[in-house]
Amino acid sequence: MNILLTGGAGYIGSHTAVVLSQAGHEVVLLDNFCNSQKSVLGRLQKILDKVLPCVEADVRDTALVAKTLQDYKIDAVIHFAGLKAVGESVEKPIEYYANNVQGTISLLEAMKSANVKTLVFSSSATVYGNPQYLPIDENHPISATNAYGRSKLHIEEMLKDIAISNSEWKIICLRYFNPVGAHESGLIGEDPNGLPNNLMPCIAHVAVGKFPYLKIYGNDYPTIDGTGVRDYIHVMDLADGHLAALAYVRNHKGWVAVNIGTGHGASVLDIISTYEFVSGQEIIFQIEGRRNGDIASCYAKVDKARNLLGWQAKYNLEKMCSSSWLWQNFSNKA
Ligand code: NAD
Ligand code: UD1
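Remember, it's a predicted structure, so these values are computed and weren't measured experimentally.

J.: Could you give an account of the pairing of strand β6 (residues 170-176), with specific residues and numbers?
T.: Taking burial as the measure, the 7 residues of β6 include 7 buried ones, the bulk of the element. Residues of β6 alternate between two faces, with Lys170, Ile172, Leu174 and Tyr176 on one and Ile171, Cys173 and Arg175 on the opposite face, all of them buried. Relative to β6, strand β5 (residues 118-124) runs parallel, the two being bridged by 7 bridges. In the sheet register, Ser124 faces β6, and the bridge partner there is Tyr176. For the segment spanning β5, helix α6 (residues 147-165) and β6, crossover handedness is right-handed.

Pasting the structure below:
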C-alpha cells in the first residue's frame, strides 16, 4: 500500500515508517517539524537504505495535503501529527485544539476530496481519565482532565460521526499506553524540543548526567511499592501494532478503538532498577510530592488487539531500557 504518515518525522512516526517500509509498503512522510528534526530523514535513509519522500507541510494546509494524497496515490493515512504535552496543553489550549482538532478536520477534508477513506489515528490511554477498574478495556468510560486529553476525545468522537455518515470510511483509533525505547540501531529515538517530562527520558538524562537526580513523584500510591504504575510499551512493538492495524482496517468498514499496550504494569522503581541494570549507571533519585493530575495505576487489557489485529507486544522492560540507553548515548554524541 501507499501510506501517508502525518507527523512521520516524530518519535512514533519515524519508528513506524521503518516497520512499514521494511514490510514492503511505500511510505510518504508529512511533517512541519515543530517537534522533530530534519536529521531524522537521513537516519531513516541509513536504516532503510532508501530515501523516504517527505513533504514539509502543516496538516492544516488542506490543499497541500490533498495534493500529496493525489500525487503519491495514497491508499491509507496514519495520523500522528499533533501536540502531546499535557502540561503545555493546560497553558495553551487554543494551540492544542487548533493543531490537534483543526488539524484532523483539515486532514479529513483533504482525504474526502482525494477519496482516501482509510485512517489509523494516534489516540491515547489518556482518554480513559482516572481508571475505574484495571486492566482497562476499550469499553471503559472515556473522559479527560486536560486540553490534550479532550482534543483526543473530540477527535475520536468526530471520527465516529464520520464513519456513521458514510459507510465507506475505515477508521481505527489506536489507544497507546506509554511508548518508550528506541530502534535497535540507536539512530532514531525520542527527540523532543525542550526538556523531557516523561519518566524514561528523564531517567536517561540522569544516567548521562544531564539531570543531577530523578524526582519520583510520590511513593504513597496504593501500588506494589508506592510509586506510579504504567503499561510501558516498546516503540518498535507499537510500530508493529500499526502494521497490524493497517492490515485489519483496510478490510473493515466503520470505526473501532483498540488498546495498544503490553497488559502489564511496571512501577517507577521497577523502571529505575532495570535501567540501572542495563546501563551500569546509578540512577540517583529523590522522593517528591505527587505530580498534579497523576494517577496511581494504569495498564491495558489487550485481548482486543490480539483477537482483532492478531498483534501482541513482544519486548520486555530490559529491551525498552537498553534501547533507550543506546539512543541516549548516540544522541548525546550526535
Ligand atoms: P512527536 O511530537 O514526536 O511527533 C509528532 C510529529 O508531528 C512531530 O514530528 C511534529 O513535528 C509533527 N507535527 C505536529 N503538529 C503538526 C502539524 N500541525 N502539521 C504537521 N506536522 C505536525 O510525538 P509522538 O510521541 O511521535 O506522538 C505521535 C502521536 O501519538 C501524537 O498524536 C500523540 O498525541 C500520540 N500519542 C503519543 C504518546 C507518547 O507518549 N509519545 C502517547 C499516546 C499518544
Ligand atoms: C503522561 C501524560 C499522559 C500521556 C503519557 C504518555 C500526564 C499527567 N500524563 O502520562 O497524558 O499519555 O504521559 O506520553 O502528564 N514520573 C516520575 N518522575 C518523573 C517523570 C514521571 O516519578 O520525572 C512518574 C509519574 O508520576 C508516573 C510515571 O512516572 O507515575 C510515568 O510518568 P510519565 O512517563 O510522565 O507518563 P504518564 O504519567 O503515564
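Picking up after the structure, the text goes on.
J.: For the site of ligand 1, give the residues involved together with the corresponding values.
T.: The environment of ligand 1 is formed by 27 residues, the closest being Asp31, Asn35, Ser36, Lys84 and Asn99. The separation between a nitrogen atom of ligand 1 and a polar main-chain atom of Val59 is 3.0 Å. Within the side chain of Lys152, a nitrogen or oxygen atom sits 2.9 Å from an oxygen atom of ligand 1. Across the complex, the protein chains shield 95% of the 820 Å² of accessible surface that ligand 1 would expose by itself. Listed by contribution, the elements that provide at least two residues to the shell around ligand 1 are α1 (11-22), β5 and α6. In terms of residue count, β5 provides more of the shell around ligand 1 than any other element does, 3 residues in total.

J.: Describe the site of ligand 2, naming the residues involved and giving the relevant values.
T.: Taken together, the neighbourhood of ligand 2 is formed by 18 residues, with Leu199, Lys215, Arg230, Arg291 and Asp294 sitting nearest. Interatomic distance of 2.9 Å between a side-chain N/O atom of Asn198 and an oxygen atom of ligand 2. Summarising the interface, the protein chains cover 86% of the accessible area of ligand 2, which totals 740 Å² for the free molecule. Those elements that provide at least two residues to the shell around ligand 2 are α7 (199-207) and β8 (214-217). When residues of the shell around ligand 2 are assigned to their parent elements, the largest contribution, 4 residues, is made by β8.

Cut-offs applied
- Residues numbered from 1 in each chain as written.
- Chains lettered and ligands numbered in written order.
- Predicted model: local features only at pLDDT ≥ 70, side-chain atom pairs only at ≥ 80, totals over all residues.
- Heavy atoms only, no water.
- Buried < 20%, exposed > 50% of the residue type's maximum accessible area, 1.4 Å probe, protein only.
- Helix = DSSP H or I, 4+ residues; strand = E, 2+ residues; numbered from the N terminus.
- Pairing = 2+ DSSP bridges.
- Right-handed = clockwise from strand over helix to strand, strands pointing away.
- Near = heavy atom within 4 Å.
- Polar contact = N/O pair within 3.5 Å; in protein donor to acceptor, adjacent residues only side chain to side chain.
- Areas by Shrake-Rupley, 256 points an atom, 1.4 Å probe, with all protein chains shown as cover.

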